Amino acid sequence: MSDWIEACAADDIDEEDVIRFDHAGRTFALYRSPEDEFFATDGLCTHEQIHLSQGLVMGDIIECPKHNGRFNYKTGAARGAPVCVNLRTYPVKIDAGKVFIQLG
Amino acid sequence: MIIIGAGEGGTRAAFALREAGYDGTITLVGAERHLPYERPPLSKEAMTSTDAPAIKAIADAARLKEHRIDLVGTTTATSIDRANRSVRLTNGSDLEYDKLLIATGATPRRLPLAGLGSRCVYLRTFDDALAIRSHLGPGCRIAIVGGGFIGLELAASARKLGADVTVIEAQSRILMRGVPEDIATVVHETHATEGVDIVCGDGIATINDRADGVRITLASGLQVTADLAIIGIGAVPVTTLAETAGLTLNNGIAVDAQLRTSDPLIFAAGDCCSFPLAVYGGRRVRLEAWRSAQEHGALAARNMLGSEEALACVPWFWSDQYGLSLQIAGLPDEGERTVRRDLDDGAFILFHLKEDGRLVAASGIGPGNAVARDIRLAEMLIAKSARPDIGALAAPSVKLKSLLAA
Ligand SMILES: Cc1cc2nc3c(=O)[nH]c(=O)nc-3n(C[C@H](O)[C@H](O)[C@H](O)COP(=O)(O)OP(=O)(O)OC[C@H]3O[C@@H](n4cnc5c(N)ncnc54)[C@H](O)[C@@H]3O)c2cc1C
Ligand code: FES
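Residues numbered from 1 in each chain as written. Chains lettered and ligands numbered in written order. Predicted model: local features only at pLDDT ≥ 70, side-chain atom pairs only at ≥ 80, totals over all residues. Heavy atoms only, no water.

Help me understand the domain arrangement of chain B, please; the structure alone is not making it clear to me.
When the parts come together, some accessible area is lost, and that loss is often what is quoted as the size of the interface. Residues and elements named next belong to chain B. In terms of domain boundaries, chain B breaks down into domain 1 (2-106 + 236-304), domain 2 (110-231) and domain 3 (323-405). Its C-alpha centre places domain 1 at a distance of 30 Å from the equivalent point of domain 2. Taken residue by residue, the interface counts 21 residues in domain 1 and 17 residues in domain 2. Buried surface at the junction of domain 1 and domain 2, both sides included, amounts to about 1600 Å², of which 57% is carbon and sulfur. Its largest share of buried area at the contact with domain 2, domain 1 owes to Ser-43, Met-47 and Thr-48, together 39% of the area lost on that side. At the junction of domain 1 with domain 2, the criterion picks out three salt bridges. Residue Asp-127 is joined to Arg-33 by a salt bridge in which the shortest nitrogen-to-oxygen separation is 3.0 Å. Counting the contacts that link domain 1 with domain 2 gives twelve residue pairs in polar contact (both at pLDDT 80 or more). Ranked by the residues each element gives to the side of domain 1 that touches domain 2, the list is headed by helix H2 (residues 45-48), at three residues. (Domains from an automatic or database assignment. Contact = heavy atoms within 4.5 Å. Buried area = accessible area lost by both parts, 1.4 Å probe. Salt bridge = Lys/Arg side-chain N within 4 Å of Asp/Glu carboxyl O. Polar contact = N/O pair within 3.5 Å; in protein donor to acceptor, adjacent residues only side chain to side chain. Helix = DSSP H or I, 4+ residues; strand = E, 2+ residues; numbered from the N terminus.)

Can you help me understand the sheet that holds strand S21 (residues 283-285) of chain B in this one?
Two modes of strand pairing occur in sheets, parallel and antiparallel, and in both the strands are linked by backbone hydrogen bonds. Taken in spatial order, the three strands make up an open sheet running S18-S20-S21 (chain B), and their pairing is mixed. Strand pairing shows two members of the sheet lacking a second neighbour, strand S18 (253-254) and S21 of chain B, which therefore form its edges. (Pairing = 2+ DSSP bridges.)

Please clarify how the site of ligand 1 should be interpreted in this entry.
Residue and element names in this part refer to chain B. Around ligand 1, a shell composed of 33 residues is seen, among which Gly-9, Glu-32, Lys-44, Arg-124 and Asp-271 lie nearest. At 3.1 Å, a backbone N or O of Ala-31 approaches a nitrogen atom of ligand 1. The separation between an oxygen atom of ligand 1 and a polar side-chain atom of Glu-32 is 2.6 Å. For ligand 1, the protein covers 93% of the area, taking 1000 Å² as the surface of the free molecule. Grouping the constituent residues of the shell around ligand 1 by class yields 15 nonpolar, ten polar and eight charged. Residue contributions to the shell around ligand 1 reach at least three from each of two domains, namely domain 1 (2-106 + 236-304) and domain 2 (110-231). (Near = heavy atom within 4 Å. Areas by Shrake-Rupley, 256 points an atom, 1.4 Å probe, with all protein chains shown as cover. Nonpolar A, V, L, I, M, F, W, Y, C, P; charged D, E, K, R; others polar.)

Sorry, what's going on with the interface of chain B and chain A here?
Opposite the 22 residues of chain B that make contact, chain A presents 22 residues. Around 1800 Å² of area is buried between chain B and chain A when both sides are counted, 44% of it from carbon and sulfur atoms. Considering only the surface of chain B that becomes buried against chain A, Asn-369, Arg-373 and Lys-401 of chain B emerge as the three largest contributors, covering 34% of it. Across the chain B-chain A interface, the total number found is six salt bridges. Across the pair Arg-376 of chain B and Glu-63 of chain A runs a salt bridge whose closest N-O atoms are separated by 2.3 Å. Residue composition of the side of chain B that touches chain A, grouped by class: seven nonpolar, four polar and eleven charged.

This is the structure we're talking about:
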């Protein structure tokens, strides 16, 4: 099982928002939901290689900034045109005000 | 259910029929020889990729099969028999329908001049893109007739491949239709910096496709000689089928807010139709926009199944040139005054408002996706007929999301 990686401080992400996190040549998106829970997915849209971190978070949804493709960031599920391939998600935990992500 | 036109609108409609639970047959008739594919990359990535250009399929054969969508490709619908509810195809067959969707798109407007030959080309299809691509390379001379989106995206792509590019625009500036001047200026300056020669306010007097190249003479007497002339002077809706079937036309196939034509069993979607926009009090428009074609396809499908939903969306469009991205939500010409919001890295957004403060459109430009989030939020404010605080719009420190809640 791989390690938990420290990504950022919990306060670095606003509620109902997203930030980008790069690690070991890969890029991820970290989310804070309106219910104050934290989530992580792959950082790039599955339609074209676009960073989701510049997109808009609304409720459970991250919307891609390029062509408005939508995903549920909690499950990774693609939610309609033009995206049809799901996003990969990663476990997240909060410890002492820090966000950790478990990479598979 | 029969859908004519296997492009963006038609293909999305086919999937939307299944998503809405329709279990009967779906026949998607398309004139092109390819799987349904996305057009926006044709002037962008497909022109500049180092690999051979490939289609970006909307759906591959497996997905079409899984959703039981019968794609009849390389086949054109030639007539509609409304009395017998059937469609005749070039392969000789007649298909009967319960409901019919026409999503035949648009086709490039032809330059109404004599003297055009094989080196004067247009871009709409993947095959057009392949032909253009085969001419592009370092040092080749490309003339682009028309400073609209497709012409300018092609100019950027051709420069990237090392071509010498001249853009000829008859109007006084590029992007005259639908794009505010401040944004067009940024686009113009970027092209100039990248080495594109843009000539504005000069129409074409004559054009001659000759052995040594295409010779274009402008009204001012200026001459441009090119190895290839790409003509991008707009597009016209494909309406012949609808017209011969006696459906009402009005700048395209006229549909109501539910996308129904003058025949209640026939719907139309995408670039081929004009429709009333609820956000602007029912103003009738015809758009040539990718997301709109998708929204139309999805809505037409649900209404073909008896749902009676009216279109409620806000027009949205983007264009990519070099590292810049432009996005427009709503129709800027609805605005009576403008508020500017400056973001990082030279990106900015113009909010277009009515005198009474109602937000009607927003247009932005900047590197990468710098303007995307604010444009999307502006779109939601437009949909709500919001009258946002002007000071807040102008202040980049104020999150637009906070205005949405208000
Ligand atoms: C080069 C290019 C770049 C673009 N870039 C952007 C962009 O950056 N952003 C944006 O928002 N929009 C862009 N667009 C516009 C967008 O692609 C269109 O708005 C969209 O494709 C319209 O979808 P549609 O289904 O109405 O028509 P289309 O996608 O054109 O599909 C219509 C299909 O119907 C077929 N057809 C026509 N008549 C018949 C018949 N009688 N029988 C059978 N088949 C028929 C046609 O062959 C065609 O395949 C671009 C368009 C082009 C050409
Ligand atoms: S790149 Fe994300 S929707 Fe197209």
